[in-house]
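Letter by letter, the chains look like this.
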Amino acid sequence: MLAEVGVAIIGAGVIGLATAREIAQGKKDVFVFEKNRTFGLETSSRNSEVIHAGIYYPEDSLKAKLCVEGKSLLYKLCDKHNIAYKKLGKIIVAADENEISWLEELYEQGRKNGVEDLMLLSQTELKKLEPNIEARAGLLSPSSGILDSYTLLKFLYSQAREKGARFVFDTEVIGIERAGAKYKVQIKDRDGISAFVAHVVVNCAGLNSDRISQLAGIDIAKAGYKLHYCKGEYFSLSSKYRNLVVRLIYPVPEQAGHGIHVTVGLDGRVRLGPNARYVEAIDYEVDVTQKEAFYNSVKRFLPHIELEDLEPESAGIRPKLQGPDEAFRDFVIAREEKASFPSLINLIGIESPGLTASPAIARYVGKMVDELFD
Ligand SMILES: Cc1cc2nc3c(=O)[nH]c(=O)nc-3n(C[C@H](O)[C@H](O)[C@H](O)COP(=O)(O)OP(=O)(O)OC[C@H]3O[C@@H](n4cnc5c(N)ncnc54)[C@H](O)[C@@H]3O)c2cc1C
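Each chain carries its own residue numbering, running from 1 in the direction its sequence is written. The predicted origin of the model limits local features to residues at a pLDDT of at least 70 and limits the giving and counting of side-chain atom pairs to 80 or more, whereas totals for whole chains, interfaces and linings rest on all residues. Side-chain numbers here rest on the full set of heavy atoms in the structure, without hydrogens or water.

Caption draft 1: Region of interest: the overall build of the protein chain. Secondary structure summary: the protein chain contains nine helices and 20 strands in total. Its C-alpha atoms give the protein chain a radius of gyration of 21 Å, near enough to 21 Å, the size a compact globule of 374 residues would have. Across its three principal axes, the protein chain shows a C-alpha extent of roughly 65 × 40 × 40 Å. In the protein chain, buried positions account for 56% of the 374 residues. Taking all contacts inside the protein chain whose residues are at least 6 apart in sequence as the whole, residues at least 24 apart take part in 72%. A total accessible area of about 16200 Å² is found for the protein chain, and carbon and sulfur atoms account for 48% of it. Here the protein chain holds 48 positive side-chain charges and 52 negative ones, and the gap between their average locations is 4 Å. Elements are defined by DSSP. Helices are runs of H or I of four residues or more, strands are runs of E of two residues or more, and each kind is numbered from the N terminus. Computation of the radius of gyration draws on C-alpha atoms, with the globule rule given as 2.2 Å multiplied by the number of residues to the power 0.38. Exposure categories follow from relative accessible area, calculated using a 1.4 Å probe and restricted to protein chains: below 20% of the type maximum is buried, above 50% is exposed, and the middle band is partly exposed. Here, residues are in contact when the closest pair of their heavy atoms is within 4.5 Å. Surface exposure here means Shrake-Rupley accessible area, sampled with a 1.4 Å probe, where a residue is shielded only by the protein chains that are shown. The charge count includes Lys and Arg as positive and Asp and Glu as negative, but it does not include His or the ends of the chains. Lys charges are placed at NZ, Arg charges at CZ, Asp charges at CG and Glu charges at CD.

In C-alpha cells:
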C-alpha cells in the first residue's frame, strides 16, 4: 500500500514513459499509474510511426519547437540504442496546379520552424524520385522517417525502470484532491479503491487527459481543455505494391489531419491513411464503407492502385483540442499555478506530432518538475 510518492505520472503511453525516464534520471521518486495491463496500448501504438520533420505547425508553437527538437533527439536515441528506423524522406505532392501554392507556403512555414533541408521539386524531379507518383510538383523533406514504435516504447519502459521509476498497471486514477501543497490521489485496482499522497502529479492520460484535469477540479470548459475525438483509419495495400514508393507520400494537408498519405513500414508494407473523422466515442473498428473515399483520395496521385487491393487495417483516435472547423490549437503542457494547482502538470491535446516530439516533451516536463523540487 502506497503512502506518499514524489511524482505520480498518470498514463504509460509514449509521453508518460518518456517523462518517467527523464524524471527518474534526476533520482526523483517516480510512480507511473496505468489503467491497462501494460504500457502503450492506446494512441501510442495506433499511429503512422512517422518521425515528422516539423513543417506544418505555426512557428513558435510547442508543436513546431518540440517536433523539431524531438526529431533530432529521437534519431540520436534510435542510433544509440538500436531502435529500428529509416530516414527515408517524405514528399508532399501537389496533385494539380492549384495545390502548388500550398507547397510553397509549407516550404516557407517549414523553414521558419527550423526545417532547413526542404526542397521544392518540379514534376520532372519528382518523377525521377518516385516514378509511380503522378503529380504536378512536390516538396521533399529528407529528414522525415519511420520508426519501430513498439521497440521505442519498450526501450523507454525498461530505461525508466532501470533508473528507478515504478510502474503500477491495471490501476486507474479516479480522483485528485488538494492536500495542502500536495495531492491526495485516489486509485482503483483489483483490490478496490485506495489513496496516496503525491508531491507532484503529471497528467499524461492521452484521450482521458481532459477528464483527469476535471477530476482535479479544473473547469475544463473555461480552461479550453475539452477534448474532441478524431478518428484516423488505415487501409493496407496488398503485397504486390511493396516497392510502389520509396518515400512517404503525403497530399497537401487537410484541416484535421495531414491528409490520407502513403506510408511504407520498416518491413516494406504499404499503408494508406489515416483519414480524420470526428467521433463521439472511442472505438477502433475500421469503417469499411470508407474504402472508396480512401481510394479516390489516393488515386489522385497514385493512379495505378485498384480498389480491391485495399484492406481495412487499423485505427487510432486523436485527442484533439480543436473541434471540427476550428482553428489550430497547440499542445497544452502547463503547470496549473493559475488554477491553484501549482504542482499539477497537465499535458492535454498531445496528438500528432506527439510520438516524434516525445523526448523533447519529456525534457520540457522534466524542467518543470525540477523547478518544483528546487
Ligand atoms: C491516427 C494517428 C496517427 C498518428 N501518427 C503519428 C505519427 O506518425 N507521428 C507522430 O509523431 N505522432 C503521431 N500521432 C500522435 C501520437 O501517436 C500521439 O501524440 C502519442 O502517441 C500520444 O501519446 P500519449 O502517451 O499522450 O497517449 P497514449 O498513448 O494514449 O497514452 C495515455 C495512457 O494513459 C492511460 N490512462 C488514461 N486515463 C488513465 C487513468 N485515469 N488512470 C491511469 N491511466 C490512464 C491510458 O490507458 C494510456 O495508456 C498519431 C496519432 C493518431 C491517432
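On we go from here.
Caption draft 2: Broad picture of the sheet that holds strand S8 (residues 145-147). Note on pairing: DSSP must find at least two bridges between two strands before they are called paired. Pairing within the open sheet is antiparallel, and its three strands lie in the order S3-S8-S4. Both edges of this open sheet fall to strand S3 (50-51) and strand S4 (85-86), since each of them pairs with a single strand only. Judged from the two bridges that link them, S4 and S8 form a sheet pairing that is antiparallel. By the bridge assignment, Lys86 is partnered in S8 with Ile146.

Caption draft 3: Structural context of helix H2 (residues 62-81). The end-to-end C-alpha distance of H2, which contains 20 residues, comes to 27 Å, matching closely the 28 Å that a straight helix rising 1.5 Å per residue would cover. Following H2 by one or two positions, Asn82 has its phi on the positive side, about 55°. Each helix should span, by expectation, one fewer than its residue count multiplied by 1.5 Å.

Caption draft 4: Structural context of the pattern of salt bridges. We define a salt bridge as a side-chain nitrogen of Lys or Arg found within 4 Å of a carboxyl oxygen belonging to Asp or Glu. Counted by the stated rule, this structure contains 21 salt bridges. Residues Lys127 and Glu134 are paired through a salt bridge, measuring 2.9 Å at the closest nitrogen-oxygen approach. Assessed through its relative accessible area of 32%, Lys127 is described here as partly exposed. A salt bridge links Lys320 to Glu351; the nearest nitrogen and oxygen atoms lie 2.7 Å apart. Of the two residues, Lys320 sits in strand S18 (residues 310-320) while Glu351 sits in the loop between strand S20 (341-348) and helix H9 (354-373), which places them 31 residues apart along the sequence. Here Lys320 matches Glu351 in class, with each residue buried. Shared partners join several salt bridges into a network, and the residues in it are Asp267, Arg269, Arg271 and Glu313.

Caption draft 5: Just the site of the ligand, in detail. Around the ligand, 39 residues are found, and the nearest of them are Glu34, Ser44, Val50, Ile350 and Thr356. Whenever a nitrogen or oxygen atom comes within 3.5 Å of another N or O atom, the pair is scored as a polar contact, on the condition that within protein one atom can donate a hydrogen and the other can accept it, and that pairs from neighbouring residues in sequence are kept only if both atoms are in side chains. Measuring from an oxygen atom of the ligand, one finds a backbone N or O atom of Thr43 at 3.3 Å. Contact with the protein chains hides 98% of the accessible area of the ligand, taken as 1000 Å² for the molecule alone. If you list the elements that add at least two residues to the shell around the ligand, you get helix H1 (14-25), strand S10 (172-179), S18 and H9. Split by residue class, the shell around the ligand holds 16 nonpolar, 15 polar and eight charged. When we say a residue is near a molecule or strand, we mean one of its heavy atoms is within 4 Å of it. Gly falls in the polar group here, along with every residue not listed as nonpolar (Ala, Val, Leu, Ile, Met, Phe, Trp, Tyr, Cys, Pro) or charged (Asp, Glu, Lys, Arg).

Caption draft 6: Representation of the packing of H2 against H9. Packing of H2 against H9 leaves a shortest axis separation of 6 Å and a crossing angle of 100°. As far as their axial angle goes, H9 and H2 are roughly perpendicular. From H2, Leu62, Leu66, Cys67, Glu69, Gly70, Lys71, Leu73 and Leu74 reach across to H9, where they touch Leu355, Thr356, Ala357, Pro359, Ala360, Ile361, Arg363 and Tyr364. Residues belonging to the contact of H2 with H9 are distributed by class as follows: 11 nonpolar, two polar and three charged. As a rule, the C-alpha atoms of each element are fitted with a line to give its axis, helices using only the stretch in contact, and angles between N-to-C directions run from 0 to 180 degrees. For classification purposes, an angle smaller than 35 degrees is called roughly parallel, one larger than 145 roughly antiparallel, one from 65 to 115 roughly perpendicular, and anything else oblique.

Caption draft 7: Main features of the packing of aromatic side chains. Only rings of Phe, Tyr and Trp enter the pairing, Trp through its six-membered ring, and a pair is recorded when the two centres are within 6.5 Å. The plane angle decides the type: under 30 degrees is stacked, over 60 is edge-to-face, the rest tilted. Applying the stated rule across the entire model yields 11 aromatic pairs. Here the aromatic rings of Tyr56 and Tyr57 are separated by 6.2 Å at their centres, their planes lie at 65°, and the arrangement is edge-to-face. A relative accessible area of 16% means that Tyr56 is categorised as buried. A residue is classified by how much of its surface remains accessible, and Tyr57, at 5% relative accessible area, is buried. The rule for a charge over a ring is simple: NZ of Lys or CZ of Arg within 6 Å of the ring centre, and within 35 degrees of the ring normal. Taking NZ or CZ as reference, Arg271 lies 4.0 Å from the ring centre of Tyr234, over its face.

Caption draft 8: Structural view of the environment of Ala179. Within the secondary structure, Ala179 is located in strand S10. Judged by its relative accessible area of 36%, Ala179 falls in the partly exposed class. For the pair Ala179 and Ala198, spaced 19 residues apart in sequence, the C-alpha separation works out to 9.2 Å.

Caption draft 9: Main features of the nonpolar core. Core analysis: the largest hydrophobic core is formed by 49 residues, its most contacted members being Ile92, Ile133, Val262, Leu272, Leu302 and Ile305. Examining the composition of this core, we find that four residues originate from one element, strand S5 (residues 90-94), more than from any other. Apart from the residues lying within four places of it in its own chain, the contact partners of Ile305 are Leu237, Tyr241, Leu244, Leu272, Tyr295, Val298, Lys299 and Leu310. In plain words, nonpolar cores are sets of buried Ala, Val, Leu, Ile, Met, Phe, Trp, Tyr and Cys residues tied together by side-chain atoms within 4.5 Å. In this structure, Val30, Ala165, Leu347 and Leu355 belong to the second largest nonpolar core, which totals 48 residues.

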